[in-house]
Amino acid sequence: MARICGTGMKCIVEKFSLDSEQPMTHLQLACCSSHYAFPRQGKNLEVYRTTSTERPLHLTGHHSSVSALVFGEKRTPLLLCSASEDYVIVWDVECCYRQVREGIIATGVVVGTMLGKAVHLSLCTLNKRVAVCSGSRVIVVNAKRQEVLAVLNGHLGPVTASGFCPWEPSQLISVSEDRTFKIWDVNTEEILYQSSVLSGCPLLSLYFMDKHRQFVTGSADGQVWCYTLPEDHKCHMVMKLDLQKLEQRHQKSVKSSNQQQTKPAGLLCDGQRGEGETAKPVLSIWAQSPQLDPSSMQQRNSEIWIGSLDGLYLLDLATSELLVSLHFREIPGLSILMVGSWATSQGHNNKMWCLVTSLFEAKVALLDVTVAGLNSLCFLTEKAFSWEESLSVFPSSSPVPTSPLNAELKKREPKSLKKTGVRNHALVFHTMVKSSGYAMCPHRTIFTPKTNIKQKSNTSKESKNNGAILQEYPSHSTAPSAPHTQVAISTMPTTIHCLQYSGDAKQFMCGLADGSVFMYKASITGSPAVYTGHNKPVTSVCWSHSRQWFLSVSDDHTLAVWPTEVTEPAMTMGKEGHLKAIRWAQFYYLDKFILLACGSSLRLYLYHLDQTKDDIKRYKQKSMFKLSSTFSTYLGTDISAVSAVNDFYSYIILAAGADHSIQVFDMNHGCVAAKITEAHCRAVHHLCQNKGSMFSTKDQDSYNLFLSSAVTDGIKLWDLRTTRCVRRYESHLNRRHCCTVAVSPCGRYVATGSEDNCAYVYDIRSSSFLHKLQRQSDTVLNVAFNPATPELLTGTMDGKLTLFRL
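Residues numbered from 1 in each chain as written. Predicted model: local features only at pLDDT ≥ 70, side-chain atom pairs only at ≥ 80, totals over all residues. Heavy atoms only, no water.

Structural notes on the overall build of the chain
Now for step 1: When you go through the chain residue by residue, the secondary structure sums to four helices and 58 strands.
Now for step 2: Within the chain, contacts between residues at least 6 apart in sequence are counted, and of these 52% link residues at least 24 apart.
Now for step 3: Within the structure as shown, the chain displays about 38,000 Å² of accessible surface, and the carbon and sulfur contribution to it stands at 51%. (Helix = DSSP H or I, 4+ residues; strand = E, 2+ residues; numbered from the N terminus. Contact = heavy atoms within 4.5 Å. Areas by Shrake-Rupley, 256 points an atom, 1.4 Å probe, with all protein chains shown as cover.)

Structure representation (structure tokens):
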């Protein structure tokens with residue numbers, strides 16, 4: 001009996017093993033929840049029950065070696081289809097058992113003759129049609145009688161696998177050694193969609209995810225693709241994974257976690273393998289039945305199993321992460337260490353049956369995999385990687401006495417007047433002073449105007465306007481996707497580096513590459529207010545909570561704080577000299593601090609803004625600031641992106657580092673509370689929290705979600721409470737530029753820029769995009785949701801602003 005590295009959980013048990021007469025290295029075997037079947041002596045078949053040790057059912061009828069087997073989807077009746085170069089035969093398993101009991105030779109129905117060597121078989125969900133992959137063709141035959149329904153020609157290489165679409169039985173998908181897949185209409189024999197060349201190696205496997213209307217395919221070099229299959233047949237890639245890179249990242253995370261904390265006793269840890277390890281071909285793909293996540297108590301239905309040469313891999317398609325890797329050479333008691341072919345099925349009581357053949361020997365074995373044990377193992381592994389207490393954006397208590405957030409700025413006291421030699425005497429030099437007349441009776445007037453007349457007020461109009469402003473954001477509205485207005489900010493192409501709406505949704509700011517900041521009305525009408533003062537591109541802008549001020553950060557190493565009604569900064573920071581450039585800044589803790597990222601440190605500044613000017617010394621600002629606290633990142637890595645909440649009191653600050661990590665700072669204690677190592681394969685260039693707005697109401701737990709974006713690595717959705725990735729979005733194109741991401745005020749949609757001159761809108765619960773917003777003139781760098789109404793604003797590299805509405 002096999003155990004996993006001493007954990008005590010019986011996860012994999014070899015229930016059956018047999019030495020065959022001939023190798024079955026690359027043959028398609030058959031396995032379902034109740035039976036499994038494989039060839040014996042080349043042209044005969046043996047069918048076993050998974051839960052019984054009784055003698056197998058022997059089936060004869062082929063005159064040449066059997067090359068492919070498959071069970072039907074329906075269990076009553078249970079059909080088994082077998083294929084060789086001479087015949088394709090469909091067997092009714094229960095009928096064959098009955099014939100054997102009656103002393104009659106079991107027989108099947110020949111549905112195809114002389115179709116060539118079949119390498120793969122698939123039955124439709126209704127068990128009415130059989131797809132036979134032979135050479136570069138897919139031959140569709142009737143499952144009840146000998147009749148060829150369709151011959152699908154179009155691949156340039158041998159077809160390796162095919163399958164009928166579960167929700168559209170008239171459609172079939174085939175994958176081939178020509179490294180492409182095709183979608184066919186079986187009734188008309190037409191190609192509905194043809195992919196480009198996906199990889200440098202042949203595509204080997206195919207699996208349909210019925211619930212998500214998606215399909216997954218894998219190649220011989222370990223690449224995995226997930227595509228949507230919409231009604232218009234325009235497939236969109238949801239994600240692409242590399243199995244070998246996922247395992248390397250997983251091992252690196254294990255190693256990093258082991259350096260920071262002690263592992264629980266008996267926890268599974270993958271052995272350190274050589275760096276020259278070969279690629280892991282994706283021989284088989286199947287989905288795991290929905291399991292309960294012990295950490296969130298919610299069902300996980302986005303996990304798939306990958307069967308490769310050396311073992312099993314459990315992937316989460318929602319997060320594009322490797323959850324469990326089971327290498328057969330590390331599990332004692334298994335007779336097959338290198339697998340040639342897989343056949344799998346979901347069993348009862350959280351069990352999974354795997355029928356495997358040996359890559360180098362003439363062996364076949366049945367494995368009983370306990371899925372519940374693997375889920376517990378996965379949960380323990382995640383728990384070992386994150387021992388920190390549960391974090392939350394909302395503070396659970398008031399700041400501790402030693403908290404850096406308790407700092408206060410001591411304002412300058414006015415200088416006291418110097419004592420002079422003036423004596424205390426009267427200011428007049430005569431004895432009589434003429435009265436000012438204030439004590440005399442007022443003069444009579446002939447006409448007195450009425451000043452107490454009640455003027456007509458526009459209360460109804462004001463209340464109506466206020467009602468419109470304070471109207472709650474529609475939480476169940478659709479995502480904005482219709483282009484409404486497009487404006488060019490300048491006659492010359494000028495890159496828009498950043499966008500941000502004000503909290504009351506009346507205005508928005510955009511920082512430009514020419515060093516200026518433009519303030520527009522939310523409707524993008526009228527001329528903008530222009531704020532100039534930087535010498536290099538403005539990289540970030542931020543509104544204050546009071547909406548009376550905003551700050552801008554530039555590549556000229558300066559930060560400026562501006563009043564909204566004046567185009568001259570009230571305070572400038574950075575001219576006194578910093579060791580490194582100011583990369584990012586914002587107002588923090590309800591405008592009490594200015595939070596600044598500089599090099600490898602976060603700095604909290606107390607400040608006081610004063611707009612008054614001395615007519616003589618106008619160059620000298622009366623505003624003041626003072627460094628309150630400085631916090632360094634773990635191991636001194638440079639900060640690449642920061643995010644913090646300013647709409648309410650929060651102790652949490654998120655900082656991304658150049659070492660691909662995300663660090664969570666607790667400002668209440670002034671320390672790093674958690675660290676996510678290898679959050680992306682590249683440094684994170686943008687962090688976005690689910691902050692909501694003053695017009696929306698959401699569940700408190702949703703505020704603990706945040707997004708991270710990195711070049712070539714898509715967008716990840718994280719849960720701060722568990723520091724785990726819960727979803728990934730990769731349909732957009734981001735290979736070079738720093739495209740930003742935004743969350744809608746209702747928390748249901750995610751928008752991002754893209755380098756294909758489009759903006760993408762995702763449903764936050766799904767990895768496939770809802771809308772692809774085109775009509776953009778250049779790369780979309782910035783996106784921003786209107787806090788009050790379902791509107792989306794985009795900014796491009798050539799200086800175009802586009803407003804999208806419902």
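Examining the packing of aromatic side chains
Now for step 1: Evaluation of the coordinates by the stated rule reveals 31 aromatic pairs.
Now for step 2: Where Phe 16 meets Phe 38, the ring centres are 6.2 Å apart and the plane angle is 40 degrees; that geometry is what we call tilted. With a gap of 22 residues between them, Phe 16 in strand E1 (residues 12-19) and Phe 38 in strand E3 (residues 35-40) connect regions that are remote in the sequence. Each member of the pair, Phe 16 as well as Phe 38, is classed as buried.
Now for step 3: Ring centres of Phe 394 and Phe 648 lie 4.8 Å apart, and the angle between their planes is 10 degrees; on these two criteria the pair is classed as stacked. On the criterion of sequence distance, the pair formed by Phe 394 in the loop between helix H3 (371-385) and helix H4 (459-469) and Phe 648 in the loop between strand E44 (639-644) and strand E45 (652-657) is long-range, its members being 254 residues apart.
Now for step 4: Assessed through its relative accessible area of 25%, Phe 394 is described here as partly exposed.
Now for step 5: Phe 648 sits in the buried class, given a relative accessible area of 18%.
Now for step 6: Chaining the aromatic ring pairs together yields one cluster made of Trp 167, Phe 181, Tyr 193, Phe 208, Phe 215 and Tyr 227. (Phe/Tyr/Trp six-rings, centres within 6.5 Å; stacked < 30°, edge-to-face > 60°. Buried < 20%, exposed > 50% of the residue type's maximum accessible area, 1.4 Å probe, protein only.)

Points about the environment of Tyr 588
Now for step 1: Position of Tyr 588 relative to the elements: it lies in strand E40 (residues 582-588).
Now for step 2: On the accessibility criterion, Tyr 588 (0% relative accessible area) is buried.
Now for step 3: It is 7.1 Å that separates the C-alpha atoms of Tyr 588 and Ala 644, two residues lying 56 residues apart in sequence.
Now for step 4: Setting aside residues no more than four positions away along its own chain, Tyr 588 makes contact with Leu 405, Phe 593, Leu 595, Leu 604, Ala 644, Val 645, Asn 646, Ser 650, Tyr 651, Ile 652, Ile 653 and Met 667.

As for the side chain of Ser 623
Now for step 1: The topology assignment puts Ser 623 in the loop between strand E42 (601-608) and strand E43 (624-632).
Now for step 2: Within the structure, Ser 623 has its side chain in polar contact with the backbone oxygen of Ala 570 (distance 2.8 Å).
Now for step 3: Of the polar contacts made by the side chain of Ser 623, one reaches the backbone nitrogen of Asp 610; its length is 2.8 Å.
Now for step 4: If we ignore the near neighbours within four places in the chain, the residues touching Ser 623 are Ala 570, Met 571, His 608, Leu 609 and Asp 610. (Polar contact = N/O pair within 3.5 Å; in protein donor to acceptor, adjacent residues only side chain to side chain.)

Regarding the pairing of E40
Now for step 1: Along E40, six of the seven residues are buried, which leaves the element largely enclosed by surrounding structure.
Now for step 2: Here E40 runs beside strand E41 (residues 593-598); their pairing, made up of six bridges, is antiparallel. In the strand pairing of E41, Ala 585 is matched with Leu 596.
Now for step 3: In textbook terms, the turn of a hairpin is the stretch between consecutive antiparallel strands, and for E40 and E41 this stretch comprises four residues, one of which, Tyr 589, has a positive phi near 60 degrees. (Pairing = 2+ DSSP bridges.)

Observations regarding the confidence of the model for the chain
Now for step 1: Here the chain averages 83 in pLDDT, and 83% of its residues register 70 or above.
Now for step 2: Note on residues 1-9: pLDDT is under 50 here. Beyond four places in sequence and across chains, it has 28 contacts.
Now for step 3: Note that pLDDT drops below 50 for residues 261-276; the model gives that stretch 34 contacts with residues more than four away or on any other chain. (pLDDT = per-residue confidence, 0-100.)

Considering the nonpolar core
Now for step 1: Core analysis: the largest hydrophobic core is formed by 22 residues, its most contacted members being Ile 12, Phe 328 and Trp 342.
Now for step 2: Of all elements in the fold, only strand E26 (311-316), strand E27 (321-327), strand E28 (339-346), strand E29 (351-358) and strand E30 (363-370) reach the threshold of two or more residues within this core.
Now for step 3: Leave out the neighbours within four places in its chain, and Phe 328 touches Ile 12, Asp 310, Gly 311, Leu 312, Leu 334, Ile 336, Leu 337, Val 339, Trp 342 and Leu 367.
Now for step 4: Residues Tyr 589, Leu 606, Ala 644 and Phe 665 belong to the second largest nonpolar core, which totals 21 residues. (Core = buried A, V, L, I, M, F, W, Y, C linked by side-chain atoms within 4.5 Å.)

Focus on the pattern of salt bridges
Now for step 1: Inspection of every chain in the model, using the stated rule, returns 17 salt bridges.
Now for step 2: A salt bridge links Arg 40 to Glu 46, with the nearest nitrogen and oxygen atoms 3.2 Å apart. Like Arg 40, the residue Glu 46 is buried in the burial classification.
Now for step 3: Residue Arg 49 is joined to Glu 54 by a salt bridge in which the shortest nitrogen-to-oxygen separation is 2.7 Å.
Now for step 4: Given a relative accessible area of 24%, Arg 49 falls into the partly exposed group.
Now for step 5: Connected through shared salt-bridge partners, Glu 21, Arg 40 and Glu 46 make up one network. (Salt bridge = Lys/Arg side-chain N within 4 Å of Asp/Glu carboxyl O.)

A few points about the side chain of Ser 20
Now for step 1: Mapped onto the elements, Ser 20 comes out in the loop between E1 and strand E2 (30-31).
Now for step 2: On the basis of relative accessible area, Ser 20 is assigned to the buried category, the value being 11%.
Now for step 3: From its side chain, Ser 20 meets the backbone oxygen of Gln 22 in a polar contact 2.8 Å long.
Now for step 4: Look past the residues within four positions of Ser 20 in its chain and what remains in contact with it is Ala 362 and Lys 363.

Let's talk about the sheet that holds strand E33 (residues 507-512)
Now for step 1: Strand order in the open sheet formed by four strands is E32-E33-E34-E35, with antiparallel pairing between adjacent strands. For this open sheet the edge positions go to strand E32 (496-501) and strand E35 (529-532), each flanked by a neighbour on one side alone. This sheet shows a mean twist of 20 degrees between the axes of neighbouring strands, independent of strand direction.
Now for step 2: In this structure, strand E34 (residues 516-521) lies alongside E35, joined through four bridges in antiparallel fashion. What sits directly across from Met 519, in E35, is Ala 529. (Axes fitted to C-alpha atoms, helices over the stretch in contact; angles between N-to-C directions.)

Considerations on unusual backbone geometry
Now for step 1: Going from Thr 76 to Pro 77, the amide bond is cis rather than trans, its omega being -5 degrees.
Now for step 2: Topologically, Pro 77 is positioned in the loop between strand E6 (66-71) and strand E7 (79-84).
Now for step 3: Phi at Ser 320 is positive, roughly 55 degrees, even though this residue is not glycine.
Now for step 4: Locating Ser 320 in the fold gives a position in the loop between E26 and E27.
Now for step 5: On the accessibility criterion, Ser 320 (1% relative accessible area) is buried.
Now for step 6: We note that Glu 678 has phi near 50 degrees; this positive angle belongs to a residue other than glycine.

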